[in-house]
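Now for the letters of each chain:
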Amino acid sequence: MRKKTSSTKEQILKMLKVQKRLTVSEMAKQLNITEMAVRRHLNSLERDELVQTTLVRQPLGRPTNVYELTTKGEQRFPRHYQQTMIDFLADLEQMAGKEMVDQLFKNRQERMKRMYEANFLNKSFAEKVKELVDLQNEHGYMTELKKKSDDLFELVEHNCPIAELAQVYPIACECERGLFETLIHEAEIVSKTCLAAGDDACRYDIKRKK
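Residues numbered from 1 in each chain as written. Predicted model: local features only at pLDDT ≥ 70, side-chain atom pairs only at ≥ 80, totals over all residues. Heavy atoms only, no water.

Novice: A description of helix α2 (residues 24-31) should follow, citing residues and the corresponding values.
Specialist: When α2 is considered as a whole, its buried residues turn out to be Val24, Met27, Ala28 and Leu31. For α2, the angular spread of the buried residues around the axis is 100 degrees, confining them to a single face. Note on α2: the residue one or two positions beyond its end, asparagine 32, has a positive phi of about 60 degrees. (Buried < 20%, exposed > 50% of the residue type's maximum accessible area, 1.4 Å probe, protein only. Helix = DSSP H or I, 4+ residues; strand = E, 2+ residues; numbered from the N terminus. Arc of directions from axis to C-beta.)

The following block contains the structure:
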């Protein structure tokens, strides 16, 4: 029975991947199960942050809930972007040298600084740390913040979208830490553990400079 439930959830995810947006009624008809059963699976998938719902108004009748995959749900399906990027960077390194690859990562760091630095202006130390958490979560890092004191926070990232890339090019992690320090310029940021190095999470101490 449990196996069947899991299988139905996977079918729902695949349907949403292919058809993008569906109502409960549409899914029930395609799966040949009741709408109540579909809702049970959707409730579970929403708790897991794999699907999300939007209330859509109809020309006639009541508004309808329409379901679609979240970013996390999209990530359940195989992608090979990182390996492609690694291959491109390896070719670039062979043609132009390691310094050119390092400069690309530094350029990315500077570009992200310009994109987000305005969000950190005129904020307290704690507010800047919270802004960094929100920024990382927007990029899929599944971030958790632990306050140790008014001057010290621990940032824990349970997911790293560039972990495979960072395993080959550790400068990616160096630039990430450097970006944090430029956005929170009054902070000293120390990397303690790293997913790319085989640890269970990326952990940073964010300490206010004296």
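Novice: I'd like a rundown of the state of the cysteines, residues and numbers included.
Specialist: If you walk through the whole model with that rule in mind, you get 0 disulfides. For the unlinked cysteine cysteine 194, the closest cysteine sulfur is that of cysteine 173, found at 3.7 Å. According to the relative accessible area criterion, cysteine 194 is buried, its value standing at 15%. This cysteine, cysteine 202, is not joined by any disulfide, and cysteine 194 carries the nearest cysteine sulfur, 4.4 Å off. (Disulfide = S-S within 2.5 Å.)

Novice: Lay out the sheet that holds strand β2 (residues 51-56) with the relevant residues and their values.
Specialist: Within the open sheet, the 3 strands sit side by side as β1-β3-β2. Their pairing is antiparallel. Two strands lie at the open edges of the sheet, namely β1 (22-23) and β2, each paired on one side alone. Pairing analysis gives 6 bridges linking β2 to strand β3 (residues 64-69), with the strands arranged antiparallel. Across the sheet, residue valine 56 finds its bridge partner in β3, namely threonine 64. Packing against the sheet, helix α3 (residues 35-47) makes contact with β2 and β3, and its axis sits at approximately 115 degrees to β2. (Pairing = 2+ DSSP bridges. Contact = heavy atoms within 4.5 Å. Axes fitted to C-alpha atoms, helices over the stretch in contact; angles between N-to-C directions.)

Novice: With reference to specific residues and values, describe helix α6 (residues 98-116).
Specialist: If you check α6, its first and last C-alpha atoms are 28 Å apart, about what 19 residues at 1.5 Å a residue would give, namely 27 Å. Against the buried residues of α6 lie α5 (81-96), α7 (125-138), α8 (163-168) and α9 (171-183). (Expected span 1.5 Å × (residues − 1).)

Novice: Could you give an account of unusual backbone geometry, naming the residues involved and the relevant values?
Specialist: Excluding glycine, residues mostly have negative phi values, and the peptide bonds linking residues are mostly trans. The backbone of lysine 20 shows a phi angle near 75 degrees, a positive value even though the residue is not glycine. By the element assignment, lysine 20 lies in the loop between α1 (2-19) and β1. Here lysine 20 falls in the partly exposed class, since its relative accessible area comes to 47%. Of note, asparagine 32 is a non-glycine position whose phi angle comes to about 60 degrees, a positive value. Secondary-structure assignment places asparagine 32 in the loop between α2 and α3.

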